[in-house]
Amino acid sequence: MKLLVTGGAGFIGSAVIRRAIRAGHSVVNLDKLTYAGSLTNVAEVADSPAYAFEKADICDRAAVDAILDRHKPDAIMHLAAESHVDRSIDGPAAFMETNIIGTYTMLEAARAYWTAQGKPQGFRFHHISTDEVFGSLPADPGVKFTEDTPYDPRSPYSASKASSDHLVRAWAETYGLPVVLTNCSNNYGPYHFPEKLIPVVILKALAGAPIPIYGKGDNIRDWLFVEDHADALLLVVQKGALGRSYNIGGENEATNLELVQKICAILDEKRPGNAPYSGQITFVADRPGHDQRYAIDPTRIREELGWRPSVTLDEGLEKTIDWYLAHEDWWRALQDRDGVGQRLGTG
Ligand SMILES: NC(=O)c1ccc[n+]([C@@H]2O[C@H](COP(=O)([O-])OP(=O)(O)OC[C@H]3O[C@@H](n4cnc5c(N)ncnc54)[C@H](O)[C@@H]3O)[C@@H](O)[C@H]2O)c1
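Owing to the predicted nature of the structure, the values given are computational and were not obtained by experimental measurement.

Explain the overall build of the protein chain to me, please; I cannot follow it from the model alone.
Counting its secondary structure elements, the protein chain contains 11 helices and 13 strands. Compactness check: the protein chain gives a C-alpha radius of gyration of 19 Å against a globular reference of 20 Å for 347 residues, within 12% of the reference. In terms of principal-axis extent, the alpha carbons of the protein chain reach across some 65 × 45 × 40 Å. Out of the 347 residues in the protein chain, the part that is buried amounts to 46%. Of all intrachain contacts in the protein chain linking residues separated by at least 6 positions in sequence, the fraction that spans at least 24 positions is 82%.

Shown next, in the form of structure tokens:
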């Protein structure tokens, strides 16, 4: 299959591209290279004849049209977005622009391209979204997000992603554009940008610095290993039912405090310091509007497509920490980027 991946220089998009190339697909990576994008994330496939890179903004219709015309993909996997909730609190404009207008632009470009191609049956526009569109859950472990959970976004980031999901469904209903959607839980793993919780914890611990935990650390997330997510996305783009959405989760719920303690314990074994790393944990003022709990019910993707996560949280964290310990050059080069290492989104 020839895939056009938007946001392929980011964390999840690059995992999709590395995996797609290994599986024998060809890939065009369309990315603007914002502060969050890095071509080193796809360096291992950059020399492959099956890979091409196009630097472009998804809001630039003429550029997207030209890229579609030049490469003629069989499917579009749309991941490009502004993705950091804290940054959306300080500067929501970029989130509205990229996540809403950018998705609208991609949909219109895809519709024109698909129509010009004679509306091929197999074409797919795969929109990658988040479980944060569903809002916040109570602590009761029996309650989880299903594909039918009503939307209730609460941050500028999740509201912009919810808007983009609505646009994708509208383009399917109104114009017949062949779409599939996925909403996934928090990802973690190799190449995770060093402003997100898990890399922050690893890098602050190694630096001997305070490890910040928002509020009481009792917010619960369902952690999904990025390689498992990439596997699920490639399955959905090829086998997902037309117009259907799939929730993807790791079935790995943990409070932020439990998560940080696990990371500290693994680091104590792999890179022992003078004292246990958990001694560096510091509670800081909470994020405004911090959602209490996210949890995904992945029954649909498991029963209809046979997907399930391959690692537990402990296994995934160990792989992730091994990767960060072995790739210091990668994360050091990103620590100079705008805003990285600073407390953002205090409202
Ligand atoms: N990371 C998570 O835990 C998570 C969870 C659920 C859903 N998602 C969704 O998955 C997708 C990818 O997330 P991620 O964590 O890899 O994000 P990321 O921030 O690591 O990467 C985003 C990529 O998009 C590119 N980009 C941003 N604006 C662009 C624009 N206007 N035009 C072209 N490229 C642009 C950036 O350069 C970057 O390479 C996003 O749509 C996000 O909402 C992420």
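Alright, that's what it looks like, and here's the rest.
Sorry, what's going on with the site of the ligand here?
Surrounding the ligand, one finds 31 residues, the nearest of these being Gly7, Gly10, Lys32, Gly37 and Ala81. For the shell around the ligand, the secondary-structure elements that each account for two or more residues are α1 (11-22), α4 (93-116) and β5 (124-130).

Looking at this structure, I do not really get the pairing of strand β8 (residues 211-214). What am I missing?
Each regular strand carries side chains that alternate between the two faces of the sheet. Burial along β8 is one-sided: Ile211 and Ile213 are buried, while Pro212 and Tyr214, pointing the other way, are not. As paired elements, β8 and strand β13 (residues 281-284) share 4 bridges and run parallel to each other. Residue pairing across strands places Tyr214 opposite Val284, the latter belonging to β13.

Just to check I follow, could you spell out the nonpolar core for this structure?
Here is a general trend for soluble globular proteins: nonpolar side chains tend to be buried in one another's company. Of all hydrophobic cores here, the largest spans 82 residues; its most connected members are Val5, Val16, Met77, Ala110, Ile202, Leu233 and Ile263. With 7 residues, helix α7 (residues 226-239) is the single largest residue contributor to this core.

Sorry if this is basic, but what is going on with the environment of Arg332 here?
Tracing the sequence through the fold places Arg332 in helix α11 (residues 328-334). Along the chain, Arg332 and Pro194 lie 138 residues apart, while their C-alpha atoms are 9.0 Å from each other.

Explain helix α8 (residues 256-270) here, please?
Each turn of an α-helix holds 3.6 residues, which means side chains three or four residues apart point in the same direction. End to end, α8 covers 21 Å across 15 residues, agreeing with the expected 21 Å (1.5 Å per residue, within 8%). When α8 is considered as a whole, its buried residues turn out to be Leu259, Val260, Ile263, Cys264 and Leu267. Buried residues along α8 cover an arc of 135 degrees about the axis, so they all sit on one side. Buried residues in α8 make contact with α6 (197-207), β8, β12 (253-255), β13 and α10 (313-326).

Mind showing me how you'd approach the environment of Lys204 here?
Along the chain, Lys204 falls in helix α6. Separated by 58 residues in sequence, Lys204 and Thr146 place their C-alpha atoms 35 Å apart.

How should the packing of α6 against α8 be read in this particular structure?
Any two packed helices are characterised by the angle at which their axes cross and by the distance between the axes. α8 packs onto α6 with a crossing angle of 45 degrees between their chain directions and a minimal axis gap of 10 Å. Classified by the interaxial angle, the pair formed by α6 and α8 is oblique. You can see that α6 and α8 cross each other, and the crossing is right-handed. Contact residues: α6 offers Leu197, Ile198, Val201, Ile202 and Ala205, while α8 offers Asn256, Val260, Ile263, Cys264 and Leu267.

Please clarify how the pairing of strand β2 (residues 26-31) should be interpreted in this entry.
With 5 of 6 residues buried, β2 is to be regarded as a mostly interior element. Viewed along the sheet, the connection from strand β1 (residues 2-6) through α1 into β2 turns out right-handed.

I would appreciate a short explanation of the sheet that holds β1 in the present structure.
Consider a sheet: its strands pair through backbone hydrogen bonds, and that pairing is either parallel or antiparallel. Within the open sheet, the 7 strands sit side by side as β3-β2-β1-β4-β5-β6-β11. Their pairing is parallel. With partners counted over all chains shown, the strands left at the sheet margins are β3 (51-55) and β11 (245-248), one partner each. Averaged over all adjacent pairs, the angle separating strand axes in this sheet is 20 degrees, with direction ignored. Two strands pair when backbone bridges link them, and β5 and strand β6 (residues 179-184) are joined in this way by 6 bridges, in the parallel orientation. What sits directly across from Ser129, in β6, is Asn183. On top of the sheet, α7 reaches β4 (75-78), β5, β6 and β11; it is set at about 160 degrees to β6, its chief contact.

Just to check I follow, could you spell out unusual backbone geometry for this structure?
Glycine aside, the phi torsion of most residues is negative, and most peptide linkages are trans. For Lys72, which is not glycine, the phi torsion reads 45 degrees and is therefore positive. You can see Lys72 is positioned in the loop between α2 (61-71) and β4. The backbone of Glu251 shows a phi angle near 55 degrees, a positive value even though the residue is not glycine. One can find Glu251 in the loop between β11 and β12.

Thresholds applied
Residues numbered from 1 in each chain as written. Predicted model: local features only at pLDDT ≥ 70, side-chain atom pairs only at ≥ 80, totals over all residues. Helix = DSSP H or I, 4+ residues; strand = E, 2+ residues; numbered from the N terminus. Rg over C-alpha atoms; globule rule 2.2 N^0.38 Å. Buried ≥ 20, exposed ≤ 12 C-beta atoms within 10 Å, placed from the backbone. Contact = placed C-beta atoms within 7 Å. Near = placed C-beta within 6 Å. Pairing = 2+ DSSP bridges. Core = buried A, V, L, I, M, F, W, Y, C linked by C-beta atoms within 7 Å. Expected span 1.5 Å × (residues − 1). Arc of directions from axis to C-beta. Axes fitted to C-alpha atoms, helices over the stretch in contact; angles between N-to-C directions. Parallel < 35°, antiparallel > 145°, perpendicular 65-115°, else oblique. Left-handed = near helix turned anticlockwise from the far one by under 90°. Right-handed = clockwise from strand over helix to strand, strands pointing away.

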